[in-house]
Amino acid sequence: IGGIINPLMYNPINGIKLGLQTSETRTRWLRVAKEKYKIYGLRGFYRGIGFLASRDALWGMTYFPLYTWTKNVLDNSVEERFSGQNEIGASLFSASVTTIMAFPLDSARITRQNYKKLYGIWEGLIKSVTPTRHNFLSLFAGCSRTVLSITINHCSFLFLTSYFHR
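Computed from a predicted structure; not experimentally measured.

(A) Representation of the overall build of the protein chain. The secondary structure content of the protein chain amounts to six helices and zero strands. The order of helices and strands in the protein chain, counted from the N terminus, is α-α-α-α-α-α. Burial statistics for the protein chain: of 166 residues in total, 38% are counted as buried. The contacts in the protein chain between residues at least 6 apart in sequence include a share of 70% that link residues at least 24 apart. Surface exposure of the protein chain reaches about 11,000 Å², of which carbon and sulfur atoms provide 66%.

(B) Spotlight on a positive patch on the surface. The grouping of R26, R28, R31 and K34 at the surface amounts to a positive patch. You can see R28 is positioned in the loop between α1 (2-22) and α2 (29-40). Judged by relative accessible area, which is 66%, R28 ranks as exposed.

(C) Broad picture of the environment of T68. With respect to the helices, strands and loops of the structure, T68 is situated in helix α3 (residues 49-77). Given the relative accessible area of 44%, T68 is considered partly exposed. Expressed as a C-alpha distance, the spacing of T68 and S94, which sit 26 residues apart in the sequence, is 9.1 Å.

(D) Region of interest: the side chain of T99. Mapped onto the fold, T99 is located in helix α4 (residues 85-113). By relative accessible area, T99 is classed as buried at 10%. Here A95 takes part through its backbone oxygen, which lies 2.7 Å from a polar atom of the side chain of T99.

(E) Looking closely at the packing of aromatic side chains. Applying the stated criterion across every chain, the model contains two aromatic pairs. A ring pair is formed by Y63 and F64, whose centres lie 5.1 Å apart and whose planes are at 85°; its orientation type is edge-to-face. Classification of Y63 as buried rests on a relative accessible area of 9%. On the basis of relative accessible area, F64 is assigned to the exposed category, the value being 51%. Counting every residue linked through ring pairs, the aromatic cluster contains Y63, F64 and Y67. Cation over ring: R47 sits above Y40, and NZ or CZ is 4.4 Å from the ring centre.

Procedures and definitions
Residues numbered from 1 in each chain as written. Predicted model: local features only at pLDDT ≥ 70, side-chain atom pairs only at ≥ 80, totals over all residues. Heavy atoms only, no water. Helix = DSSP H or I, 4+ residues; strand = E, 2+ residues; numbered from the N terminus. Buried < 20%, exposed > 50% of the residue type's maximum accessible area, 1.4 Å probe, protein only. Contact = heavy atoms within 4.5 Å. Areas by Shrake-Rupley, 256 points an atom, 1.4 Å probe, with all protein chains shown as cover. Patch = residues over 30% accessible without salt bridge, like charges linked within 9 Å, V, L, I, M, F, W, Y side chains within 5 Å. Salt bridge = Lys/Arg side-chain N within 4 Å of Asp/Glu carboxyl O. Lys, Arg positive; Asp, Glu negative; His and termini not counted. Charge placed at Lys NZ, Arg CZ, Asp CG, Glu CD. Polar contact = N/O pair within 3.5 Å; in protein donor to acceptor, adjacent residues only side chain to side chain. Phe/Tyr/Trp six-rings, centres within 6.5 Å; stacked < 30°, edge-to-face > 60°. Lys NZ or Arg CZ within 6 Å of the ring centre and 35° of its normal.

Have a look at this one:
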């Protein structure tokens, strides 16, 4: 449910962020928001929301069961050398697999949120899965960011829980 409700709140922010990232000149978020509103009206802030909601729902439905399964496999086959080793390993594996699965939906969302060029829904999805150098680099960057983020978050969680349980 969160994977469907959250996009309603952050899709407008994501669309403005994309406009800032793809602008050829330095611009401010308010200018991007005004341009988007002028071209598409209020609906412009929710372009790509279907892909975003689908990506988040897929993420939740894939990551958590895969994490639980992987952690159980590791708990039964690998002896822990330090606290949280199996949790971190399961989290990294699950996040990487889920990122690869969700990548086409995320790329399609980006093409849909681009307010300067109008992409159709299927055109954006096809464009996102076409094997190009840019798409491979984008997938690599997404996986790298996810793995780094998961590692930092999980290590922070393990440190804080062990610190406060003393």
